[in-house]
Every structure is written in C-alpha cells, then in structure tokens.
Amino acid sequence: MNRRNWIALSAAALAGGRSRAQSSAPQPGQSQPPAEAPELPLDQYQPKSMLHVPETRVPRSRFPVIDFHAHITNGIPGDPANIRFSLEPAHCLDVMDRKNIRAMVSLTGGYGDGLRQAIAKLSSAHPGRFTVFTEPAWAKASDAGYSKLQADLIADAHRAGATGIKVLKTLGLFLRERGDNRLVRVDDRRFDPMWEAAAALKMPVAIHVSDPEAFFLPIDRFNERWEELHAHPTWSFHGKDFPANRELQEARRNVMRRHPRTQFVCLHVADAEDLPYVSECMDSHPNMHVDIAARIGELGRQPRMARKFFDRYQDRIVFGTDSSSSPSTPQQLFGDALYEIYYRFLETEDEYFDYAPAPVPPQGRWRIYGIGLPEAVLRKVYRENAARLLGWPA
Ligand SMILES: [Zn+2]
C-alpha cells in the first residue's frame, strides 16, 4: 500500500462513524450506508462545487499588465556562462498580446555571459516587452573577497542591461558555508555591499525568503498542504537545521532596516498567510513592497482581509505570477488560463473558484473569492507600481 492510500476516504467508514456517534440504530428518514461502499483514494477525489454563483470570464485584464515575476530563463548552477530558456519568447509574446500583458520580468537571469544571452534574446530583441534581473553568484559566497566581487558583479549586470536583482530562497534555506556547512543567514554582513549597489544603481531586489508555514511543520494529518508536500517532498523544511519561518522573515527585515535606500520586493506577499505581520513590516519599512505571485490561493481564501490589505498598500503591491513551464506546479503554469484566474481574482467578486488551472487544487483543497478591486487600485497593481520600481515611464 502506498503512502497516499493511507489517507483514503471511505463512505462506509464515515457514515458508520457518524451513525455510531448519534445512535446505534438508524433514525427515521436516515439512509443506510451501502453495504460495500468502495474506498476512494484522496488523490482521485475531485468534488464539483454545486454552488449556483456568477462565473465571470476575464479574458483580458482591464488595464495593461507588467508580470513582475516570471521565469522565462533559469540560471544554471555552477555554469554562469550559459542560460536555459524554459519558455520561448515568441510563445510568451502570443500569450502577452492575448492577455493584455505589456511586459514580463524574467527574474532568474543568472549573471555573466548567461545573463547577456538572456538579455540579448529578451530585452534587446523585444524592447519594452521583456526585462531581465540578475542573480548573485552563490557558488562564490564562501570565497575570500566575495563581498566586493558580488557588488562588482551587480554593477557589471547593470551595464549589461539587467534592471534588478533576484534572490531565490536559496539564501536562508540552501546556501551553506564551504567547510563547516552551516546555513548562511539572510542578514549576513557579506551581502551588505550587494544591497547597497542595488540602491546606488536603482535596481529593485526581488527577494524570496521562507515559504508557506506548513512547509515548516511535520507532514502529518494536520498539515493543510499534505498533498502538496506529498507531491514535492523536498519542499519540506521541517526539522534538520532549518531556521524557523519567522526567524527567516525577521532576518529579511534586518536587511530592509539596514538598507533603507534599497527597494525590496518581498515575493509571494512576504508571508501571504499572515497579513497582520506583513502589514506591520510594511508600516515600519517604507522600502518594502510585495508581489502576489503564486499566492492568490492564500489571498483569495481571506478575501476581506486581502481587500483591506490592497486598499492600504495599493502603492506597494505588484502583479506577478511566478510563471514557468513546469506542469508539476499548475498554479504557476504559464498560459492563458493562469492569467484569467489572476484577473478574475483581482477584478471580480466571483465566489468559490479554482486558484489554479488543475482538476484538484494543487496547494491545498480550498477555493478562492474575488476581491473586486476598484479601477484606481487595479491600475497601480497591474502596472504602475512595477513601472516605478523599474524606472519606466508612468
Ligand atoms: Zn519565482
């Protein structure tokens, strides 16, 4: 029996349990469970909502969009001379034209020659439609003289045409010191010259720190992302020597505090499950922004709190999807269907709909509610805030 089968729904067992709890004999009008109800593995359970509620299709956004968070390219670890294209620029442009997307930011552009290849095929070949961010040279982080080298690499990337810096969750969760193997802290002082170079060159820093809270908890029957973690076991940061979720976030906060001139875009709403905490951070750090990529599943299941958050921080929220080409993460699968869900969430007040184009909600079995943003807020979130960060015309 595989592990998935341990979580099996049995109509007979459920109904039997209920009737035992109520009384030992069936009540009048109570139907008897079928004698041999088949077991149904959880991964085959695809319940259809029976709600009769409006379903608004939003094929194009009401205003032009900058997708601030996409992975058209991917740096190759240990090979900065090359870059991998996970999405074809021509295919991107087709979808962009259909979906009213003015520009896409490919965050993972690597550095060095790889970065230059990404810029040549994206920003240079299609001016105004794509822009590319650079990434730190993590493999050199334990080298002597790394701090200065990294700041110089940022300046080199800027000269090559990179418009920002992307920091993957590598920092805090994977990057380890050569030698003693301990995890390098997000607020380690060796990165200070890099954060300052970003400020001097007006390059926003798109930073992903930590992950959903459930990824730091045991993968047990109480874990609301059991299915997601079961499908992606390496996403779990429970146990071992991983820092706690909040410790990682507070280290990010130290960085924003120490570098007030640097503009940080905390990806995935910084912590989409704890908007009171994110609000507290936004209030104390005016250089903090957030994107909504891959977190409408969280925002959309707390629509009233999310709507207040958008109203209050409407000048510091940017649109992003985290799109890539991987079918194993349908909530990030680049294509028309994904954008239509984001637009529906932001523009309509539709109720209880899927946050991902998938037969089963891939991050957890919940559905979402639209937040019906007013036009002035939509314009800012769709494009204006990102344009300001990128130094593009309003
Ligand atoms: Zn991403």
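This text gives an overview of the structure that appears in the document. All values derive from a computational prediction rather than experimental measurement.

A closer look at the sheet that holds strand β6 (residues 101-106)
Now for step 1: Reading across the sheet, the three strands line up as β3-β6-β7 and stay open at both edges, with parallel pairing between neighbours. Strands with a single pairing partner mark the edges of an open sheet, and in this sheet they are β3 (65-70) and β7 (130-132). Recorded for the sheet is a direction-independent mean angle of 20° between the axes of neighbouring strands.
Now for step 2: Two elements, β3 and β6, share four bridges in a ladder whose sense is parallel. Across the sheet, residue D67 finds its bridge partner in β6, namely M104.

Looking at the nonpolar core
Now for step 1: Core analysis: the biggest nonpolar cluster contains 90 residues, and M104, V205, V265 and F319 have the highest contact counts within it.
Now for step 2: No other element matches helix α13 (residues 336-347), which puts seven residues into this core.
Now for step 3: Within the second largest apolar cluster, five residues are counted, among which are A214, F215, L229 and F237.

Here's the deal with the environment of K99
Now for step 1: By secondary structure assignment, the location of K99 is in helix α3 (residues 89-99).
Now for step 2: For the pair K99 and L229, spaced 130 residues apart in sequence, the C-alpha separation works out to 31 Å.
Now for step 3: Excluding anything up to four places from it in sequence, K99 contacts R60, S61, D336 and Y339.

Considering the pairing of strand β11 (residues 288-291)
Now for step 1: Side chains M288 and V290 project from β11 onto one buried face, and the interleaved H289 and D291 project onto a second face that is buried too.
Now for step 2: In terms of strand pairing, strand β10 (residues 264-266) meets β11 through three bridges, oriented parallel. Within the sheet, the bridge partner assigned to F264 lies in β11 and is M288.
Now for step 3: When β11 meets strand β12 (residues 317-318), the two strands line up parallel, connected through two bridges. Paired with V290 across the strands is I317, a residue of β12.

As for helix α7 (residues 192-200)
Now for step 1: For α7, the set of buried residues is M194, W195, A197 and A198. For α7, the buried positions fall inside an angular range of 160° around the axis, keeping them on one side.
Now for step 2: Its buried side turned inward, α7 meets α5 (146-160), β8 (165-167), β9 (205-207) and α9 (245-258).

The rules behind each value
Residues numbered from 1 in each chain as written. Predicted model: local features only at pLDDT ≥ 70, side-chain atom pairs only at ≥ 80, totals over all residues. Pairing = 2+ DSSP bridges. Helix = DSSP H or I, 4+ residues; strand = E, 2+ residues; numbered from the N terminus. Axes fitted to C-alpha atoms, helices over the stretch in contact; angles between N-to-C directions. Core = buried A, V, L, I, M, F, W, Y, C linked by C-beta atoms within 7 Å. Buried ≥ 20, exposed ≤ 12 C-beta atoms within 10 Å, placed from the backbone. Contact = placed C-beta atoms within 7 Å. Arc of directions from axis to C-beta.

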